[in-house]
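Geometric and topological summary
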Amino acid sequence: MTVRLHWFLPTGGDGRTLVDRHAYGSNIGRETRGLRTPDIEYLAQIAKAAEQLGFEAVLTPTGTWCEDAWLTTVALAQHTERLKFLVAFRPGLLSPTLAAQMAATYQRLTRGRLLLNVVTGGDSAEQRRFGDHLDHDRRYERTDEFLSVVRGVWRGEPYDFHGAHYEVEGGLTSLPPDPVPELFFGGSSQAAGPVAARHADVYLTWGEPPAQVKEKIDWIRSLAEREGRTVRFGIRLHTISRDSSADAWSTANRLLDDLDTDTIAAAQAALGRSESVGQRRMLDLHGGSRDQLEIYPNLWAGVGLVRGGAGTALVGSHGEVADLIEEYHSLGVEHFVLSGYPHLEEAYWFGEGVIPELAARGLLAADTASRATGRPAPIPVARGR
């Protein structure tokens with residue numbers, strides 16, 4: 001099992017701070033210092049950099065405050081050659097048969113460069129903006145049915161489904177997708193686990209300390225075994241990697257300089273209303289305090305003070321960041337979905353600093369290592385820890 005690296009497309013806006021980054025919402029109609037709007041030219045710069053540096057794919061988010069992931073990424077496919085797109089979408093906001101058809105078309109248009117990130121949704125207020133009024137657990141029930149229909153329709157013959165949320169008769173795509181897109185799926189609640197076990201190709205967790213990540217892996221793996229399935233694992237993290245550890249921590253601390261007490265308190269109050277168990281686990285890592293944000297060696301929870309979703313970052317020298325990636329990998333984590341502020345510059349810091357470290361340790365696939373370093377990949381060597 002090699003390390004597979006992915007980057008992030010900031011389709012809601014980008015910048016050098018953790019606040020006032022979004023091009024939409026409260027920023028509409030006023031000038032925000034350092035804000036980079038998510039126009040196609042800027043996003044194409046990030047996508048091309050990710051491809052050149054050796055990332056396999058880029059994750060594109062879904063929600064109110066970002067551009068549509070399907071439309072944005074199929075446009076960016078015209079600016080890249082190999083890069084895959086991990087498209088986040090919300091089951092229940094469109095027909096599962098239509099979603100299956102969209103994915104099949106996408107695969108043909110891009111010659112097989114689609115991955116899918118299933119986002120069930122942990123914020124009822126956000127869901128209601130899209131006309132969805134189901135509660136948390138029922139959303140996972142619906143996701144279960146949705147993915148059953150999608151996989152059934154992809155078989156290439158008429159498919160019937162009769163459930164509590166969907167009634168489908170003769171569902172099919174004119175041509176099934178080739179290859180079938182891998183499904184990435186996250187969720188830390190008891191309602192989410194069985195759905196991941198039945199449908200996910202890759203279970204994606206946010207960046208908790210290794211011991212907690214191992215608990216999740218063991219949990220999902222055991223549920224999948226009961227279903228007669230094997231699930232692979234991924235982790236979603238930010239990264240601040242520099243030539244020295246001191247430089248990396250200086251950058252992390254600079255991000256905190258923009259966060260006053262009122263800003264943190266307001267963000268924590270808003271995030272605390274989320275129904276997402278994963279979001280609550282992110283909040284528990286720091287408790288809303290800027291003290292002791294290094295919650296594990298080189299794992300920093302500062303992002304989660306004001307940002308929802310992934311709230312932790314790998315911080316340190318290139319070698320230290322590679323060490324922590326290797327530690328997660330030893331637990332069974334294969335996919336690393338990374339990001340950093342701003343995303344263009346941080347892609348280069350990681351790609352030119354950490355990727356060669358990982359290649360030298362034999363942790364990358366041969367094609368990724370050779371693209372990143374310009375040299376053949378080394379033979380993997382067993383490493384004790």
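Residues numbered from 1 in each chain as written. Predicted model: local features only at pLDDT ≥ 70, side-chain atom pairs only at ≥ 80, totals over all residues. Heavy atoms only, no water.

This part covers the side chain of Thr17. When you line up the elements, Thr17 lands in the loop between β1 (4-8) and α1 (40-53). Take Thr17: its relative accessible area is 17%, and that puts it in the buried class. With sequence-adjacent residues up to four places away left out, Thr17 is seen in contact with Leu255, Asp258 and Tyr341. (Helix = DSSP H or I, 4+ residues; strand = E, 2+ residues; numbered from the N terminus. Buried < 20%, exposed > 50% of the residue type's maximum accessible area, 1.4 Å probe, protein only. Contact = heavy atoms within 4.5 Å.)

With that settled, the discussion passes to the packing of aromatic side chains. Tallied over the full model, the rule gives eight aromatic pairs. Between Phe89 and Phe146, the aromatic rings sit 5.9 Å apart at their centres with planes inclined by 45°, giving tilted as the arrangement. Highlighted residues: Phe89 in strand β3 (residues 84-89) and Phe146 in helix α5 (residues 136-153), separated in sequence by 57 residues. Pair check on accessibility: Phe89 and Phe146 agree, each one buried. Between Tyr203 and Phe233 the ring centres are 6.4 Å apart and the planes differ by 75°, which places this aromatic pair in the edge-to-face class. With Tyr203 in strand β8 (residues 202-206) and Phe233 in strand β9 (residues 232-242), this pair connects stretches of sequence that are 30 residues apart. On the accessibility criterion, Phe233 (2% relative accessible area) is buried. By way of ring pairs, the aromatic residues Trp70, Phe89, Tyr106, Phe146 and Tyr166 are connected into one cluster. (Phe/Tyr/Trp six-rings, centres within 6.5 Å; stacked < 30°, edge-to-face > 60°.)

Moving on: the environment of Gly351. Mapped onto the elements, Gly351 comes out in helix α12 (residues 343-360). In this structure, the C-alpha to C-alpha distance between Gly351 and Ser241, residues 110 residues apart in sequence, is 9.6 Å. Setting aside residues no more than four positions away along its own chain, Gly351 makes contact with Leu53 and Pro356.

Its 18 residues place the ends of α5 26 Å apart at the C-alpha level, agreeing with the 26 Å of an ideal helix rising 1.5 Å per residue. Burial within α5 is extensive, with 13 of its 18 residues counted as buried. (Expected span 1.5 Å × (residues − 1).)

If you look at the biggest cluster of nonpolar residues, it comprises 77 residues, and the most contacted ones within it are Leu5, Tyr328 and Phe350. With eight residues, the top contributor of residues to this core is α1. Of all hydrophobic cores here, the second largest spans 22 residues; its members include Ile240, Ala267, Val303 and Val315. (Core = buried A, V, L, I, M, F, W, Y, C linked by side-chain atoms within 4.5 Å.)

The next point concerns the pattern of salt bridges. A full pass over the atoms with the stated rule returns 18 salt bridges. As a salt-bridge pair, Arg361 and Glu326 come within 2.8 Å of each other at their nearest N and O atoms. Linking Arg361 in the loop between α12 and α13 (366-373) with Glu326 in helix α11 (residues 318-331), this pair joins segments that are 35 residues apart in sequence. Here Arg361 falls in the buried class, since its relative accessible area comes to 12%. A residue is classified by how much of its surface remains accessible, and Glu326, at 5% relative accessible area, is buried. Within the structure, one salt-bridge network assembled from shared partners comprises Arg4, Glu56, Lys84, Glu182, Arg232 and Glu334. (Salt bridge = Lys/Arg side-chain N within 4 Å of Asp/Glu carboxyl O.)

Attention shifts here to α11. Across its 14 residues, α11 extends 20 Å between first and last C-alpha, which sits within 8% of the 20 Å expected from 1.5 Å per residue. Counting buried positions along α11 yields ten of 14 residues, so the element is predominantly enclosed. Here α11 has its buried residues at His318, Gly319, Val321, Ala322, Leu324, Ile325, Glu326, Glu327, Tyr328 and His329. A positive phi of about 120° marks Gly332, the residue just after α11.

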